[in-house]
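Secondary and tertiary structure notes
Listed below, chain by chain, are the residues.
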Amino acid sequence: MISNFLKTIASIVFWISLVVYTGCSSNDEPQPVDCNVSTLAVSSTSTNPTSCTASDGTISATATGGEGPYQFALDSQPYASSASFTALSAGIYLLKVKDNNGCERTKNVTIISAGSTLAATVSLLDSGCKTANGTVTINATGGTGPYTYKLNDGAASSSDTFTNLSAGTYSAKVIDNVGCSTTQSVKVLSGTKYSTQVKNIIDTNCAISGCHVTGGAAPITWTTIENVQSRAADIKQKTQSGEMPKGGPKLPQAQLDLIACWVDDGALNN
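Keep in mind the model is a prediction, meaning the values are calculated, not measured.

Let us now look at the packing of helix 4 (residues 232–241) against helix 5 (residues 253–264). In a pair of packed helices, the angle between the axes and the distance between the axes together describe the arrangement. Look at helix 4 against helix 5: their axes get within 9 Å of each other, and the N-to-C directions meet at 155°. The pairing of helix 4 with helix 5 is recorded here as roughly antiparallel in orientation. Note that helix 4 runs across helix 5; the crossing there is left-handed. For the pair formed by helix 4 and helix 5, the contact residues are Ala232, Ala233, Ile235, Lys236, Thr239 and Gln240 on the first element and Leu256, Ile259, Ala260, Trp262, Val263 and Asp264 on the second. Considered class by class, the residues forming the contact of helix 4 with helix 5 number eight nonpolar, two polar and two charged.

This brings us to helix 2 (residues 194–205). When helix 2 is considered as a whole, its buried residues turn out to be Tyr194, Val198, Ile201, Ile202 and Asn205. Take helix 2 and look down its axis: the buried residues cluster within an arc of 105°, on one side only. Exposed and oriented more than 90 degrees from the buried face of helix 2 are Thr196 and Asn200. Summarising the contacts, the buried residues of helix 2 are in contact with helix 3 (225–230), helix 4 and helix 5.

This brings us to unusual backbone geometry. Comment: phi is negative for the bulk of residues other than glycine, and the bulk of peptide bonds are trans. Put simply, glycine 68 and proline 69 share a cis peptide bond, and its omega is 5°. Looking at the secondary structure, you find proline 69 in the loop between strand 2 (57–64) and strand 3 (71–74). Cis peptide bonds are those with omega within 30 degrees of zero, and the linkage from glycine 145 to proline 146 qualifies with 0°. You can see proline 146 is positioned in the loop between strand 8 (134–141) and strand 9 (148–151). Residue asparagine 164 is not a glycine yet carries a positive backbone phi of 55°. Its location among the elements puts asparagine 164 in strand 10 (residues 161–165). Look at alanine 267: it is not a glycine, yet its phi comes out positive at around 50°. Tracing the backbone through its elements, the reader meets alanine 267 in the segment after helix 5. Assessed through its relative accessible area of 8%, alanine 267 is described here as buried.

Criteria and thresholds
Residues numbered from 1 in each chain as written. Predicted model: local features only at pLDDT ≥ 70, side-chain atom pairs only at ≥ 80, totals over all residues. Heavy atoms only, no water. Axes fitted to C-alpha atoms, helices over the stretch in contact; angles between N-to-C directions. Helix = DSSP H or I, 4+ residues; strand = E, 2+ residues; numbered from the N terminus. Parallel < 35°, antiparallel > 145°, perpendicular 65-115°, else oblique. Left-handed = near helix turned anticlockwise from the far one by under 90°. Contact = heavy atoms within 4.5 Å. Nonpolar A, V, L, I, M, F, W, Y, C, P; charged D, E, K, R; others polar. Buried < 20%, exposed > 50% of the residue type's maximum accessible area, 1.4 Å probe, protein only. Arc of directions from axis to C-beta.

Structural data, given as structure tokens:
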């Protein structure tokens, strides 16, 4: 009787070890939340800086829907639990909220200096994947000309156009002739397209029988863009490390670059 009990325990340990080793199970990939239909939303209130040289503006965020707890961020800052942002100068800020399911929502919030009409919009050109062909053009209006322009911590220039940029986030600033300024965070994209550049890689290497379950169909339908988007960061990490495709050779570098560029652009449905 003791012998049968030990055999049973050994059998259980064997099957657990097999599942852990192969990473394959009918439910090893829990179904993701579809953030496209999430009720998550973000709203805000704000106060303007008291002068052109002051940095005393504020933004307060409120999240609703989705699943709490919520986290908040402004521009490229890391997410945190605080919904209040202080010591802000004039500019256009990207307010972001993320819920407990990992769903995100954003909105632009504009705060202006008291007494100033200075404003700016930005136009962008894509950089290309792993190339530096991006362009940022700052279009200023209002205030008192002439204007000068800055990108990140570079020197102020009379030129409103910045070229030869890699994909990434930049701080675009315009300053008028009396010292008023406005700043906004902009993101230059690589322009990598899911429909024409990434989808075939996923279809060929992941949307196949046995990819995540030995001898069977994967528990997630990888031909559905929403499923790919919900796992985008994981796909990038595991393809770069060679963990994916499961059981196959590492993808060629050109395909790894396209996946990484698409994910870094925000895993867009393009």
